[in-house]
Amino acid sequence: MCISIMYSTYGLRKRARNNARARKKVQGKLKESKEWLKKNRNKDIHMIMDRFRRSLIGYYNYYCITDNTQNVSNFKDKIENLLFKWLNRRSQRKSFTWDKFRLFLDKYPLPSPRIKVNIYDLRKEISYIL
């Protein structure tokens, strides 16, 4: 019994360490996006949206696996909040209300997260290894 408790606490610590790494990676990517947007907020809107579209597609290609769609969706929401914040700081007057920003996103849509790799289907294909 003592050994199983030890292994379960080790597993919990390992999972917490992995979650902390994942959180740091997400926070780093958000910080990088914020800094880029802060420097380039006065550029052409087509260039800004194209950059974030490509960035999100790459993020989805890497992180969109079966059980991670909620975290990826949260990342997209945070990117939208950054866009709203920094595009509103292009002049002394507010450029957007949330309603106008939603219309803006209809015109320049950001991609939605979709599952790229279904890990449960992969297990069927490699079951002889497991």
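Bear in mind the structure is a predicted one, so any value in this text is a computation, not a measurement.

Scoring rules and cut-offs
Residues numbered from 1 in each chain as written. Predicted model: local features only at pLDDT ≥ 70, side-chain atom pairs only at ≥ 80, totals over all residues. Heavy atoms only, no water. Buried < 20%, exposed > 50% of the residue type's maximum accessible area, 1.4 Å probe, protein only. Helix = DSSP H or I, 4+ residues; strand = E, 2+ residues; numbered from the N terminus. Arc of directions from axis to C-beta. Contact = heavy atoms within 4.5 Å. Axes fitted to C-alpha atoms, helices over the stretch in contact; angles between N-to-C directions. Parallel < 35°, antiparallel > 145°, perpendicular 65-115°, else oblique. Left-handed = near helix turned anticlockwise from the far one by under 90°. Nonpolar A, V, L, I, M, F, W, Y, C, P; charged D, E, K, R; others polar. Polar contact = N/O pair within 3.5 Å; in protein donor to acceptor, adjacent residues only side chain to side chain. Salt bridge = Lys/Arg side-chain N within 4 Å of Asp/Glu carboxyl O.

Caption draft 1: Representation of helix H4 (residues 98-107). Buried residues of H4: Phe101, Phe104 and Leu105, and no others. Taken down its axis, H4 places every buried residue within 100° of arc, on the same side. Summarising the geometry of H4, the exposed residues directed more than 90 degrees from the buried face are Asp99, Leu103, Asp106 and Lys107. The inward-facing, buried residues of H4 contact helix H2 (45-63) and helix H3 (69-87).

Caption draft 2: Geometry of the packing of H2 against H3. At a minimum axis separation of 11 Å, H2 and H3 run at an interaxial angle of 165°. Classified by the interaxial angle, the pair formed by H2 and H3 is roughly antiparallel. In the packing of H2 onto H3, the handedness of the crossing is right-handed. Residue-level inspection shows Ile45, Ile48, Met49, Phe52, Leu56, Tyr59, Tyr60 and Tyr63 of H2 in contact with H3, the latter providing Val72, Phe75, Lys76, Ile79, Leu83 and Leu87. Considered class by class, the residues forming the contact of H2 with H3 number 13 nonpolar, no polar and 1 charged.

Caption draft 3: Layout of the side chain of Asn40. Within the secondary structure, Asn40 is located in helix H1 (residues 2-40). Take Asn40: its relative accessible area is 13%, and that puts it in the buried class. A distance of 2.9 Å separates a polar side-chain atom of Asn40 from the backbone oxygen of Trp36.

Caption draft 4: View of the pattern of salt bridges. Considering all chains together, one arrives at 5 salt bridges under this definition. Between Asp50 and Arg54 there is a salt bridge, with the nearest N and O atoms lying 3.2 Å from each other. Residue Asp50 and its partner Arg54 are both found in helix H2; the two are separated by 4 residues, about one turn of the helix. Looking at Asp50, the relative accessible area reads 32%, which means it is partly exposed. Look at Arg54 and you get exposed, because its relative accessible area is 53%. A salt bridge links Glu80 to Lys76, with the shortest nitrogen-to-oxygen separation between them at 3.7 Å. Residue Glu80 and its partner Lys76 are both found in helix H3; the two are separated by 4 residues, about one turn of the helix. Each member of the pair, Glu80 as well as Lys76, carries the same accessibility label: buried. Each of the salt bridges in this network shares a partner with another, and the network as a whole consists of Asp50, Arg53 and Arg54.

Caption draft 5: Up close: the side chain of Lys76. A relative accessible area of 12% means that Lys76 is categorised as buried. Not counting the four nearest positions on each side in its chain, Lys76 is found in contact with Leu56, Tyr60, Leu110, Pro111, Ser112 and Pro113.

Caption draft 6: Seen up close, the packing of H3 against H4. Relative orientation of the contacting elements H3 and H4 amounts to 115°, with a least axis distance of 11 Å. Classed by the angle they form, the pair H3 and H4 counts as roughly perpendicular. In this structure, H3 meets H4 at a crossing whose hand is right-handed. Along its contact with H3, which presents Glu80, Asn81, Leu83, Phe84 and Leu87, the element H4 presents Trp98, Phe101, Arg102, Phe104 and Leu105. Across the contact of H3 with H4, the residue classes tally to 7 nonpolar, 1 polar and 2 charged.

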